[in-house]
Amino acid sequence: MNYGMSKNAARCRAATVEAFERNIRTAAGTSERSYRHEDGETRLGSEIQGKPDNMQLWAMESSLLLKMHEEHCHGVELKDPTGT
């Protein structure tokens, strides 16, 4: 599922995210030290902290995970908590 994004755009976005250098930001301030992916280390997943579109990205990822769960876990019923 690519949600309308071309393969080239998705690859470019993934390469950009992998190259990010990240700082931690909390109510106490922003860290002076940063971290990033280094060759041979475990890849950092997702967009991590501080991006305004994280909720939308998580919703897309959750949607895909729930669809996969429904396909592979027969008998599981996912109900809308509002009853609609």
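One can find the structure itself at the top, above this paragraph.
Residues numbered from 1 in each chain as written. Predicted model: local features only at pLDDT ≥ 70, side-chain atom pairs only at ≥ 80, totals over all residues. Heavy atoms only, no water.

**Focus: the overall build of the protein chain**
Along the backbone of the protein chain there are two helices and four strands. The linear arrangement of helices and strands in the protein chain, starting from the amino end, is α-β-β-β-β-α. Every one of the 84 residues in the protein chain was classed for burial, and the buried ones make up 7%. Long-range contacts, defined as pairs at least 24 residues apart, comprise 39% of the intrachain contacts of the protein chain with a sequence gap of at least 6. With an accessible surface of roughly 7400 Å², the protein chain has 56% of that area assigned to carbon and sulfur atoms. (Helix = DSSP H or I, 4+ residues; strand = E, 2+ residues; numbered from the N terminus. Buried < 20%, exposed > 50% of the residue type's maximum accessible area, 1.4 Å probe, protein only. Contact = heavy atoms within 4.5 Å. Areas by Shrake-Rupley, 256 points an atom, 1.4 Å probe, with all protein chains shown as cover.)

**Side note on the environment of T82**
Topologically, T82 is positioned in the segment after helix 2 (54-72). A polar side-chain atom of T82 sits 2.8 Å from a polar atom in the side chain of D80. (Polar contact = N/O pair within 3.5 Å; in protein donor to acceptor, adjacent residues only side chain to side chain.)

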